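Structural characterization, general
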Amino acid sequence: MLQKLKELEKESQLKIDKAKNLEELKEIKVRILGKKGALTTLLRSLGTVAPEERPVIGKEANNLRAKLEQAFERKEYELRDAGKENQWEKERIDITLPGRPGLLGQKHPLTLVTEEIKDIFIGLGFKVAHGPDIETDFYNYEALNFPADHPARDMQDSFYITPQLLLRTHTSPVQIRVMEKQAPELPVRIIAPGKVFRRDDDATHSPMFHQVEGLAVDTDITFADLKGTLLLFAREMFGSEQKIRLRPSYFPFTEPSAEVDISCIMCAGKGCRVCSDTGWLEILGSGMVHPNVLEIAGYDSRKVTGFAFGMGVERIAMLKYGIGDLRQFFTNDLRFLKQFGE
Ligand code: PHE
């Protein structure tokens, strides 16, 4: 009986080694270890063996079963891996094909326009300054000459965090922060790009949008400097034929104040749908810094003057690229975004 077991082991090992694929191996396994398999059949004849030998043979038979099971398992792994190799062989990777390029991001149109605006003013000697998105009532309103009950606050209705803290409604608070730090040193020449927030939401207004503030303070700044600077900006941004027009306006922190229009870039000032037949498009608010603002920020309003302006970046990007709906900037549609950028 022991002899038979030995033979079965040898035979089985040979068969396992020769198996060419998983199906064949499975068949062999059934034939040896299955209910009607060789090992099981052999064990059925255990009854013919002398009683004292039975435990020894039983033990041997169990050992053999375990051994063979392991051998099957090993072979199964082997065949499976070989199968993979075959598959790779069939698929044939062509390493001479060009790779798939990774998707590279690109700059958002608003970033591009902001950078362009910055470049123009940096070229004129302005420095870039920043302020916080969450402002105090003092910097956003009070120091800019909007007292608590001033009706002009309604034009910039905002998001309050506490009665004294709000999301800034414009970049003008940066004027105060910069002057406060620098006073009484002259000149002040800064631009301040950043996010601003208002309770507006339609095709031309978003609750969050971007502005670039400008401020120049010195001993001899005049309204002509404001006008000349903005004309130069308009020509750099929209082309050398650009004209600008200043209309009287009102801001509590500038006196006098002006809205600035550029000649319509669609019809070159002839009048069209985009400019409502006026030939002009509004791009920013501006004016001479109010004496109260200079004083509160630490400058002597009898000795220094300044101009300031604030432009909407979305507005300028819409005009520059001919975009009809401001919300496109914020919906993150790649078909839109991919049309811009480097
Ligand atoms: N802060 C004003 C606004 O957001 C724009 C402005 C800036 C006007 C600077 C004058 C001077 O409407």
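Up top is the structure these notes are about.
All figures in this text were calculated on a predicted structure; none of them were measured in a lab. (Residues numbered from 1 in each chain as written. Predicted model: local features only at pLDDT ≥ 70, side-chain atom pairs only at ≥ 80, totals over all residues. Heavy atoms only, no water.)

**Quick word on the overall build of the protein**
Looking only at helices and strands, the protein has 11 helices and 10 strands in total. The C-alpha atoms of the protein give 41 Å as radius of gyration, which overshoots the globular expectation for 342 residues (20 Å, by more than 25%). Of all 342 residues assigned to the protein, the portion counted as buried reaches 41%. In the protein, of all internal contacts separated by at least 6 residues, the share reaching a separation of at least 24 is 67%. For the protein, the accessible surface area stands at approximately 20,200 Å², while carbon and sulfur atoms represent 53% of it. For the protein, the separation between the mean place of its 48 positive charges and that of its 51 negative charges on side chains is 11 Å. (Helix = DSSP H or I, 4+ residues; strand = E, 2+ residues; numbered from the N terminus. Rg over C-alpha atoms; globule rule 2.2 N^0.38 Å. Buried < 20%, exposed > 50% of the residue type's maximum accessible area, 1.4 Å probe, protein only. Contact = heavy atoms within 4.5 Å. Areas by Shrake-Rupley, 256 points an atom, 1.4 Å probe, with all protein chains shown as cover. Lys, Arg positive; Asp, Glu negative; His and termini not counted. Charge placed at Lys NZ, Arg CZ, Asp CG, Glu CD.)

**So, the side chain of Asn-140**
With respect to the helices, strands and loops of the structure, Asn-140 is situated in helix α6 (residues 137-140). Classification of Asn-140 as buried rests on a relative accessible area of 0%. Polar side-chain contacts of Asn-140 include one of 3.0 Å to the side chain of Thr-169. (Polar contact = N/O pair within 3.5 Å; in protein donor to acceptor, adjacent residues only side chain to side chain.)

**What about the side chain of Glu-259?**
Among the secondary structure elements, Glu-259 is positioned in strand β8 (residues 254-263). Here Glu-259 is buried and forms no salt bridge, its nearest opposite-charge partner Arg-247 lying at an N-O distance of 5.0 Å. Discounting residues that sit within four places of it in the chain, Glu-259 has contacts with Arg-245, Leu-246, Arg-247, Ser-249, Phe-251, Glu-282, Leu-284 and Gly-285. (Salt bridge = Lys/Arg side-chain N within 4 Å of Asp/Glu carboxyl O.)

**Section: the site of the ligand**
For the ligand, the set of nearby residues contains 15 residues, the closest of which are His-170, Ser-172, Arg-198, Gln-211 and Gly-310. Within the side chain of Ser-172, a nitrogen or oxygen atom sits 2.9 Å from a nitrogen atom of the ligand. Across the complex, the protein chains shield 93% of the 330 Å² of accessible surface that the ligand would expose by itself. Every element with two or more residues in the shell around the ligand is listed here: β6 (208-218), β9 (280-289) and β10 (305-312). Grouping the amino acids of the shell around the ligand by side-chain chemistry returns 4 nonpolar, 9 polar and 2 charged. (Near = heavy atom within 4 Å. Nonpolar A, V, L, I, M, F, W, Y, C, P; charged D, E, K, R; others polar.)

**A few points about the sheet that holds β8**
A sheet is described by the order of its strands in space; here 7 strands give the open sequence β1-β5-β6-β10-β9-β8-β7, paired in mixed fashion. Among the strands making up the open sheet, the edge pair consists of β1 (127-128) and β7 (244-251). Of the pairings in the sheet, the one linking β8 to β9 comprises 8 bridges and is antiparallel in character. Directly across from Ser-257, in β9, lies its bridge partner Gly-287. Where helix α5 (residues 109-123) meets the sheet, its contacts fall on β1, β5 (188-197), β6 and β10, and the angle it forms with β5 comes to roughly 165°. With respect to the sheet, helix α10 (residues 313-321) is in contact with β6, β8, β9 and β10, its orientation differing from that of β10 by roughly 60°. (Pairing = 2+ DSSP bridges. Axes fitted to C-alpha atoms, helices over the stretch in contact; angles between N-to-C directions.)

**Quick look at the packing of aromatic side chains**
Per the stated rule, a full pass over the model turns up 12 aromatic pairs. When the ring centre of Tyr-139 is taken as origin, the NZ or CZ atom of Arg-177, which lies over that ring, is 4.0 Å away. (Phe/Tyr/Trp six-rings, centres within 6.5 Å; stacked < 30°, edge-to-face > 60°. Lys NZ or Arg CZ within 6 Å of the ring centre and 35° of its normal.)

**Focus: the pairing of β7**
Bridge analysis of β7 against β8 gives 7 bridges, and the strand direction is antiparallel. Bridge pairing links Ile-244 to Ile-262 in β8. Here β7 folds back onto β8 in antiparallel fashion, the turn holding 2 residues.

**A short note on α10**
When we look at burial in α10, the residues that qualify are Val-313, Glu-314, Ile-316, Ala-317, Met-318 and Leu-319. Buried residues along α10 sit against α5, β6, α8 (223-238), β8, β9 and β10. The positive-phi residue at the C-terminal boundary of α10 is Gly-322, with phi of around 65°.

**Topic: the sheet that holds strand β4 (residues 165-167)**
Taking strand neighbours across the sheet as the criterion, the 3 strands line up as β2-β4-β3 in an open arrangement whose pairing is antiparallel. The open sheet terminates on both sides in strands that have one partner only, identified here as β2 (134-136) and β3 (160-162). Here the average twist between neighbouring strands, direction ignored, is 30°.

**Some details on the nonpolar core**
One finds Ile-117, Phe-233, Phe-309, Met-311 and Ile-316 to be the most contacted residues of the largest nonpolar core, which totals 42 residues. Of all the elements in the fold, those that place two or more residues in this core are α5, β6, α8, β8, β9, β10, α10 and α11 (334-337). Once you skip the residues sitting within four places of it in the chain, Met-311 turns out to touch Ile-117, Phe-121, His-210, Gln-211, Val-212, Phe-233, Ile-283, Leu-284 and Ile-316. Within the second largest apolar cluster, 26 residues are counted, among which are Tyr-139, Leu-166, Val-289 and Ala-297. (Core = buried A, V, L, I, M, F, W, Y, C linked by side-chain atoms within 4.5 Å.)

**Looking at the packing of α5 against α10**
It is the contact of α5 with α10, at a shortest axis distance of 9 Å, that shows an interaxial angle of 100°. Compared by their axis directions, α5 and α10 come out roughly perpendicular. Contacts from Pro-109, Leu-110, Leu-112, Val-113, Thr-114, Glu-116 and Ile-117 of α5 reach α10 at Val-313, Glu-314, Ile-316, Ala-317, Lys-320 and Tyr-321. Broken down by class, the residue content of the contact of α5 with α10 amounts to 9 nonpolar, 1 polar and 3 charged. (Parallel < 35°, antiparallel > 145°, perpendicular 65-115°, else oblique.)

**Considerations on helix α1 (residues 2-18)**
Counted at 1.5 Å a residue, the expected span for α1 with its 17 residues is 24 Å, and the 25 Å between its end C-alpha atoms agrees. When α1 is considered as a whole, its buried residues turn out to be Leu-5, Leu-8, Ser-12 and Ile-16. For α1, the angular spread of the buried residues around the axis is 65°, confining them to a single face. When the buried face of α1 is taken as reference, the exposed residues oriented beyond 90 degrees from it are Gln-3, Lys-6, Lys-10, Leu-14 and Lys-18. (Expected span 1.5 Å × (residues − 1). Arc of directions from axis to C-beta.)

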